[in-house]
Amino acid sequence: MTLKPKRKILKVSVLAPDLAGGGTTRVFLVARVFQKLNYQVKILGCQFGEQIYPEPPADIPVYSIPGLNYPQMLDSSHKMLDEIDGDLVCAIKPRPTSFGIALLNKLIKQKPVLLDIDDWEMSWEGGDAWKYRPSFRQLGRDILKTEGELRKPNHRFYLQKMEKLVKFANAITVDTKFLQNRFGGTYLPNGKDTSLFDPAQYNAEVSRARYGLSEYRVLMFPGTARPHKGLEDVLQALDILNQPDFRLVIVGGRKPDNYEDQLMEQWGRWIIKLPRFPLDAMPEVVAAAHLIVVPQRDTPIAVAQCPLKLSDGMAMAKPILSTKVGDIPEMLGDTGYLVDSHSPEKIAEQIQWIFEHLNEANERGMRARKRCIEYYSLEAMSAILSEAIAGL
């Protein structure tokens, strides 16, 4: 009798650019997809904040090193290189703290690199028009001062240079058509674990009661408030409607600046802020929504992104109100409600219509879940990823 040799269990090291924020949700999502493909997964990353955000899944090991400025960051990078043991290295975002370390590992250990791009990093800095042209004195300050700009590992000068190294990845995945046109690679959408995000497991009224939302009609935005995400347009729409039981519920997110405070100061009467929740707790929170709002503005930052809030709402069979920006229309198909960006009046009209026809809107939400299962579930993502890395 001839015994078949056991199939080797492959390992993947998923490198996060910043475990305290900046693509970490995508890190955990891609790690889950690798698990679906029976990879042994380990997440590694720099941590430039006090805590990992969002809280990582309990069943995936996470190795965190301090996120420091140069030259101390070189020591942290060395420690991460020692911990990378994957047969494949997946770097999230083309940043020095993820892709840069992955390329060093490739050079030293000859392990292939998959680069996953979920954002155009330079869109935050003026895009291709940005140039670093310091005076000789300014260059000296940027390099030599303790808090000099070029001491920061993710300074836009380094981000711009990392884009030129994308061609050295063995494979590339992207989550928007904009990024695919710019960098090439395989389209891997921002999907969702539809078995975890399953509305059949939750009671909307119970969730609303648990989070103090029972007396309101809940428009929910799960994520970080930023100017390009269009929350001002929704809040202006609520001013137009002026109905006292409407509330915009902002869930979790980071506070990279004081933008959220500005929203609270001007429109606090319409806003309820819920704290951060672990990823596994988010389905129960999203269950409390009557409507998910994703009012992206038509900016280079927004066009390059695929909002995770879309798949949150789709998986939980919620009506979704969004804008005609980037990949959003294609992702929703005919299962959501779309208006032009920067249109508070149109948003107000659509909110009014949805709540006057809530049964019809909920039926559309159920179609959105079916679409999510077919195209944006972990199973759908794993089939795409398997093909993308087959040659590695």
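Quick caveat: nothing in here was measured; it's all calculated off a predicted structure.

(A) Highlighting the overall build of the protein. A tally of regular secondary structure across the protein gives 16 helices and 13 strands. A compact globule built from 392 residues should have a C-alpha radius of gyration of about 21 Å, and the protein, at 22 Å, falls within 12% of that. Summarising its shape, the C-alpha atoms of the protein cover approximately 75 × 60 × 35 Å along the three principal directions. Of all 392 residues assigned to the protein, the portion counted as buried reaches 55%. Put simply, 73% of the contacts in the protein that link residues at least 6 apart link residues at least 24 apart. Split by element, the accessible area of the protein, about 17,600 Å² in all, is 51% carbon and sulfur. Distance from the positive charge centre (50 side chains) to the negative charge centre (48 side chains) of the protein: 6 Å.

(B) A look at unusual backbone geometry. Residue proline 54 is bonded to the preceding tyrosine 53 through a cis peptide linkage, with omega at -10°. With respect to the element layout, proline 54 can be found in the loop between strand E2 (40–47) and strand E3 (62–66). For the bond from tyrosine 70 to proline 71, the omega torsion is 5°, close enough to zero to count as cis. Within the secondary structure layout, proline 71 lies in the loop between E3 and helix H2 (72–83). Phi at alanine 317 takes a positive value of approximately 60°, unusual for a residue other than glycine. One can find alanine 317 in the loop between helix H12 (308–315) and strand E12 (320–323). When its relative accessible area of 9% is taken as the criterion, alanine 317 is described as buried. Phi at histidine 342 takes a positive value of approximately 55°, unusual for a residue other than glycine. With respect to the helices, strands and loops of the structure, histidine 342 is situated in the loop between strand E13 (337–339) and helix H14 (344–356).

(C) Expanded view of the pairing of strand E11 (residues 291–294). On E11, burial covers both faces: Leu291 and Val293 on one face and Ile292 and Val294 on the other are all buried. Pairing between strand E8 (residues 217–222) and E11: 2 bridges, direction parallel. Bridge pairing in E11 links methionine 220 to isoleucine 292.

(D) Spotlight on the packing of aromatic side chains. Scanning all chains against the criterion turns up 10 aromatic pairs. Note on tyrosine 375 and tyrosine 376: the rings are 6.2 Å apart at their centroids and 50° apart in plane angle, and the pair reads as tilted. A relative accessible area of 39% places tyrosine 375 in the partly exposed class. Ring pairing ties together the aromatic residues Tyr70, Trp130, Tyr132, Phe157 and Tyr158, which thus form one cluster. Looking at lysine 177, its charged tip hangs above the ring of tyrosine 187, at a distance of 4.9 Å from the centre. The side chain of arginine 217 reaches across the aromatic face of phenylalanine 246, ending 4.0 Å from its centre.

(E) Up close: the sheet that holds strand E4 (residues 88–92). Taken in spatial order, the 7 strands make up an open sheet running E3-E2-E1-E4-E5-E6-E7, and their pairing is parallel. Only two strands of the sheet have a single neighbouring strand rather than two, namely E3 and strand E7 (186–187). Bridge analysis of strand E1 (residues 11–16) against E4 gives 4 bridges, and the strand direction is parallel. Within E4, the residue paired with valine 14 across the bridge is cysteine 90.

(F) How the structure looks around the packing of H14 against helix H15 (residues 358–375). Packing of H14 against H15 brings their axes to within 5 Å, and their N-to-C directions diverge by 95°. Judged by the inter-axis angle, H14 sits roughly perpendicular to H15. Side by side, H14 and H15 meet where Trp353, Ile354, Phe355 and Glu356 of the first sit next to Leu358, Glu360 and Ala361 of the second. Along the lines of polarity and charge, the residues of the contact of H14 with H15 split into 5 nonpolar, no polar and 2 charged.

(G) Representation of the state of the cysteines within the structure. Summed over the entire model, instances satisfying the criterion amount to 0 disulfides. With no disulfide partner, cysteine 372 has as its closest neighbouring cysteine sulfur the one in cysteine 306, 10 Å distant. A relative accessible area of 0% means that cysteine 372 is categorised as buried.

(H) Quick peek at empty space enclosed by the protein. This structure, assessed with the given rule, holds 1 cavity of 30 Å³ or more. Counted as a void, the largest cavity has a volume near 40 Å³. Together, Val234, Val293, Val294, Pro295, Leu321, Ser322, Thr323, Val339 and Ile347 line the largest cavity. A total of 3 residues in the lining of the largest cavity trace back to one element, the largest contributor, which is E12. Along the lines of polarity and charge, the residues of the lining of the largest cavity split into 7 nonpolar, 2 polar and no charged.

Cut-offs applied
- Residues numbered from 1 in each chain as written.
- Predicted model: local features only at pLDDT ≥ 70, side-chain atom pairs only at ≥ 80, totals over all residues.
- Heavy atoms only, no water.
- Helix = DSSP H or I, 4+ residues; strand = E, 2+ residues; numbered from the N terminus.
- Rg over C-alpha atoms; globule rule 2.2 N^0.38 Å.
- Buried < 20%, exposed > 50% of the residue type's maximum accessible area, 1.4 Å probe, protein only.
- Contact = heavy atoms within 4.5 Å.
- Areas by Shrake-Rupley, 256 points an atom, 1.4 Å probe, with all protein chains shown as cover.
- Lys, Arg positive; Asp, Glu negative; His and termini not counted.
- Charge placed at Lys NZ, Arg CZ, Asp CG, Glu CD.
- Pairing = 2+ DSSP bridges.
- Phe/Tyr/Trp six-rings, centres within 6.5 Å; stacked < 30°, edge-to-face > 60°.
- Lys NZ or Arg CZ within 6 Å of the ring centre and 35° of its normal.
- Axes fitted to C-alpha atoms, helices over the stretch in contact; angles between N-to-C directions.
- Parallel < 35°, antiparallel > 145°, perpendicular 65-115°, else oblique.
- Nonpolar A, V, L, I, M, F, W, Y, C, P; charged D, E, K, R; others polar.
- Disulfide = S-S within 2.5 Å.
- 1 Å grid on protein atoms, 1.4 Å probe; cavity = no way out; pocket = protein on both sides within 12 Å on 5 of 7 lines; lining within 4 Å.
- Points joined across faces, edges and corners; volume = space filled by probe spheres on them.

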